[in-house]
Amino acid sequence: MKKLCILICTFIIIITAAGCGDTDLKSEESTENMNPSAVQRDSENNSEKESENDMANTNITPVLTYFGHATMCVVTEDNKVIYIDPYEEGDYTRTADLILVTHGHYDHNQLQKVENRNENCEIITYSEALQNGVYKTFDLPFVIVEAVEAGNNPNHDINSCVGYVLTFKNGKTLYISGDTSTTNQMSELGNRNIDYAFFCCDGVYNMGNAEAAQCAEIVGAKHNIPYHNETANGELLDKALAEDWSAPNKIILMPGETLNIE
Ligand SMILES: [Zn+2]
C-alpha cells in the first residue's frame, strides 16, 4: 500500500513538472509575435490569449472613420493613423502618422486640427503630391500613397488639386477623389480593381450625382461611397442626395460611422 502511494505521488510530480515545462515553452514561442500588453495577459490566461492572438492575425484591417464632408481618419493594421482633409469636427485625439490634403480650400486643409502628431508625421499636400505636372507616389512603411488627377472644373484647377489612391498592407485600395469633376485618369483607375472609392457629388462646386455616378462606372470600384455633399443647413452629409446617387455597389457612410477596409 505504501509502495503504491509512493508510486502515485511520483507519477503526479512527473506529470505536473511536464505540464509546467510545456506552458513555459508555449509562452516563449508566442511571445515573439505579441506586443507587451498581450504578454502581460499571457500570465493571466494562456488559452484566452491564444484565441485573441488568432483574431489579431486574421481580423484586423484598416478602419476608416468618416467625420463628414471630406474629412476622414484611417487607422491601419499596424495602428498608424492617417487623417485626410482635416476640417470637420471629429475625434482628433489619435496621434497622427500621416496627414493628406487634396487641395488648398479651407474645407480641406485645417491642419491645426491635428494637434497630436508623431515626430515623424508626414504631411502630404497637393504641393508635394503634384510637382511640375508629375503625380508623385509615396511608399511609406504602412501605406503607399499615389497622387492622381483631380479638379478639372471652374472651381478647382487641375494644377493645384489631387486625389489619392492608398494601398494598405493587406493589399486593399482606397480611392479619394478629392474635389473634382471627371478626369482623364479615371479610366486608368478602372484597371486597378479599386476596392473602395469616395466620390464628391455636391453638384455646386464639383460634379453632381449624375456625373459622379458615371465616374463610379468608369473607375469600377467594388464599393462606391458619396461624400463632400454637406447640406446648406450644415448637415455633414446630405443623406437624401446620397440615397439618390445611382452609382453601383453603393455604401452610404454617415458622419461618425466606420468602414473596415477589408
Ligand atoms: Zn471642398
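For the structure itself, consult the block above.
Source: prediction; values computed, not measured.

Moving on, we come to the overall build of the protein. Of the regular secondary structure elements, the protein holds seven helices and 14 strands. Put simply, the protein has 262 residues, and 35% of those count as buried. The long-range share in the protein, meaning contacts at least 24 apart out of those at least 6 apart in sequence, stands at 47%.

This part takes up the sheet that holds strand 10 (residues 162-168). Consider a sheet: its strands pair through backbone hydrogen bonds, and that pairing is either parallel or antiparallel. Across the sheet, which stays open at both edges, the six strands sit in the order 8-9-10-11-12-13 with mixed pairing between neighbours. Single-partner strands in this sheet number two, and they are strand 8 (137-139) and strand 13 (223-227). Mean inter-strand twist for the sheet, computed between neighbouring axes without regard to direction, equals 15°. Across five bridges, strand 12 (residues 196-200) lies against strand 13 in parallel orientation.

With that settled, consider the nonpolar core. Buried together is how nonpolar side chains tend to be arranged in soluble globular proteins. Ile 82, Val 162, Tyr 175, Ala 197, Ala 212, Ala 216 and Val 219 are the most contacted members of the largest nonpolar core, which has 58 residues in total. Once residues lying within four places of it in the same chain are set aside, the contact partners of Val 162 are Thr 102, Tyr 126, Ala 129, Leu 130, Tyr 135, Ala 147, Val 148, Ala 150 and Gly 178.

Let us look at the environment of Asn 116. As for its position among the elements, Asn 116 is in the loop between strand 4 (96-100) and strand 5 (117-124). For Asn 116, a count of 11 C-beta atoms within 10 Å puts it in the exposed group. With 21 residues separating them in the primary sequence, Asn 116 and Thr 95 have C-alpha atoms 4.7 Å apart. Apart from residues lying up to four places away in sequence, Asn 116 is in contact with Tyr 92, Thr 93, Arg 94, Thr 95 and Ala 96.

Read from one edge to the other, the open sheet built from six strands follows the order 5-4-3-2-1-14, with strand pairing classed as mixed. Edge strands, defined here as strands with exactly one partner in the open sheet, are strand 5 and strand 14 (258-260). In this sheet, adjacent strand axes meet at a mean angle of 20° when their direction is disregarded. Where strand 3 (residues 81-84) and strand 4 come together, three bridges link them in parallel fashion. Each bridged residue has a counterpart across the sheet, and for Tyr 83 the counterpart in strand 4 is Ile 99.

The rules behind the values
Residues numbered from 1 in each chain as written. Predicted model: local features only at pLDDT ≥ 70, side-chain atom pairs only at ≥ 80, totals over all residues. Helix = DSSP H or I, 4+ residues; strand = E, 2+ residues; numbered from the N terminus. Buried ≥ 20, exposed ≤ 12 C-beta atoms within 10 Å, placed from the backbone. Contact = placed C-beta atoms within 7 Å. Pairing = 2+ DSSP bridges. Axes fitted to C-alpha atoms, helices over the stretch in contact; angles between N-to-C directions. Core = buried A, V, L, I, M, F, W, Y, C linked by C-beta atoms within 7 Å.

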